[in-house]
Amino acid sequence: MNETSGVSKFIENVKSLADSVTGSIFRGGKPDTDKARASVVYNNFFMHIQSVKTHVNTLRPSYTLGLGLIVFFLFAFVFTSGIFLMVYYNPSIENAFRSVKNINHVVFAGKVIRNVHKWTGEGMIVFLFLHMARVFFTGSYKSGREFNWLVGIVLLILTFMLNLSGYLLPWDQLSYWAMVIVSNIMMSPKELTDSLGITKFLDVGTMTTDFVFAGLTPGKEALNRVYLFHVMLFPIAISIFVGIHFWRIRKDGGMTRPEEFTPKDSDKSYAPMSDKVGGIFPTHKTYGLMELATGKTRAVDRDVENTVMSWPNLLIAELAVLMFTLAFALIYSYYVDAPLKEMANPLIPENPAKAPWYFLGLQELLSYSAFMGGVGLPTAALIGLALIPYLDREQDKVGVWFTNKMGKRIALESFIISIICIIGMLVFAIKFGWLRSWFPDIPQLVITIVNPGSIWVAFMILWSLFTIKRTGSTRMGAMALFVMFLVSYVILTYFATEMRGPNWGFYWSKSQWPIH
């Protein structure tokens, strides 16, 4: 009797196995009701950072463009492909190049995985800039989201550092001489300290270079330290700040949206909206903490109009972005190989020796003034970006692209003026030279302060102030400044990439480079 009863129970357990597993995962039952769907989001370790309901505006592809998600997924690809590469990479100057070459030609699928690691890492930079632009142009750094804007800037810096440190690891000619350039950038404060005669008391450049590269020239210790930064310090820091970034989005009330929101018929094609206008839970007592909402915060005391359940609407949108990002990364990595030149040789310099493309704008500025190009102007740019949400406190039209028609006009004006002025500045500097060419004995301190880069930054600030004065809006001034920053970064990067050749000379195309 007991044996038969035990066997029967076992058989019943086997029959109900699917329901038991589902119930253990979805503690509120199958997600076939609004309450069960809410429970899925709230009780899931990975999904509870999202709200139970999502505003339709957040799901509109034309609003967020999925850019933040793309950056996150690219980082996930960088992380996972990096673990694979760590198995085969040897961080020593004797074996680094050989191990990378083996990854390319011996390890199964090694070249494709290295390509994925390379291009998704650099893709993070591109899409971070696009994401930052989206956040700025929709005014999404306001309404209590100022701190998250600062977190985004920290993530931008860390992403640059993550890519740069990885660029230096193959120990080929490209990476070695890029490391030399980075070392020179770190030494750039000496230009100022030498001009002021305080280098013997405060040699910031030498101390920084010695800390990062364990010396003034790249070598074994430099490679080991860069490898440590790349595989531990920067990934951990990015992971922490990504968590903070997502957490603040959730706690700041989710994505921004216009105060005056009107649903469109097209919204129903990807997010069927409920007709409910009240709460999604019954009024009787329950012990689910997701129903305990008290106090006055941005996410409390709001009705649920124009919202849909995050499960499955938001999840489907996120999976769609994931599939698109993965497909594009794999296709691009299959057809475009990450560069790998011959093994590093300190006796044969690259000419031109160039930094990674995302630092070439700095290298162009560096050619006019080491300190301003390497330290002064980048620091000024970062401070300016960080101060935007604190100097522009206008709260109207948050969540609206370019704020209004005036915003579009100011952005277009600043875009055109930036192109004309920065190209004109480059043409002038190439054709006529600069102060050192005209006055050979001019003090170096004057060159440091008065150079094309510093003049351009001063012009950007003046144009922004002029825009504020003529429009009476700090938002318009910030719009002008941000547009000019983006345009100058793109133009300087392109110019240094395509038009700088041997000895940092100007050439219309690489076909004009002298043949040695």
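Just so it is clear, the structure is predicted and the values come from calculations on it, not from any experiment.

Caption draft 1: A look at the confidence of the model for the protein. Summarising the model, the protein shows a mean pLDDT of 86, and 88% of its residues fall at 70 or more. No element of the protein has a lower mean pLDDT than helix α3 (residues 34-43), at 68, and none a higher one than helix α8 (residues 110-137), at 97. Within the model, pLDDT remains below 50 along residues 278-295, and this stretch shows 21 contacts once partners closer than five positions in the same chain are excluded. Low pLDDT, under 50, characterises residues 299-303; the stretch is placed with 8 contacts to residues that sit more than four places away or in other chains.

Caption draft 2: How the structure looks around the packing of helix α9 (residues 146-167) against helix α13 (residues 220-251). Running from amino to carboxyl end, α9 crosses α13 at an angle of 160°, the nearest separation of the two axes being 9 Å. In terms of orientation, α9 lies roughly antiparallel with respect to α13. Seen from above, α9 lies across α13 with left-handed handedness. For the pair α9 and α13, the contacting residues are F147, N148, V151, G152, V154, L155, L158, T159, M161, L162, S165 and G166 in the first and V226, H230, F234, P235, A237, I238, F241, V242, I244, H245, R248 and I249 in the second. Of the residues contributing to the contact of α9 with α13, the split by class is 16 nonpolar, 7 polar and 1 charged.

Caption draft 3: Looking closely at the packing of aromatic side chains. Summed over the entire model, instances satisfying the criterion amount to 35 aromatic pairs. Consider the rings of F136 and Y141, whose centres lie 5.5 Å apart with planes at 15°: the pair is stacked. Across the pair, exposure class does not vary: F136 and Y141 are buried alike. Plain terms: the ring middles of F328 and Y332 are 6.1 Å apart, the flat faces sit at 20° to each other, and that makes the pair stacked. Of this pair, F328 and Y332 both sit in helix α14 (residues 310-335), separated by 4 residues, roughly a single helical turn. In textbook terms, an aromatic cluster arises when at least three aromatic residues are bridged by ring pairs, as seen for F136, F137, Y141, W149, W401, F402, F482 and F485. Taking NZ or CZ as reference, K431 lies 5.9 Å from the ring centre of F432, over its face. In this arrangement the basic side chain of R475 is found over the ring face of F136, its NZ or CZ atom lying 4.9 Å from the centre.

Definitions and limits used
Residues numbered from 1 in each chain as written. Predicted model: local features only at pLDDT ≥ 70, side-chain atom pairs only at ≥ 80, totals over all residues. Heavy atoms only, no water. pLDDT = per-residue confidence, 0-100. Helix = DSSP H or I, 4+ residues; strand = E, 2+ residues; numbered from the N terminus. Contact = heavy atoms within 4.5 Å. Axes fitted to C-alpha atoms, helices over the stretch in contact; angles between N-to-C directions. Parallel < 35°, antiparallel > 145°, perpendicular 65-115°, else oblique. Left-handed = near helix turned anticlockwise from the far one by under 90°. Nonpolar A, V, L, I, M, F, W, Y, C, P; charged D, E, K, R; others polar. Phe/Tyr/Trp six-rings, centres within 6.5 Å; stacked < 30°, edge-to-face > 60°. Buried < 20%, exposed > 50% of the residue type's maximum accessible area, 1.4 Å probe, protein only. Lys NZ or Arg CZ within 6 Å of the ring centre and 35° of its normal.

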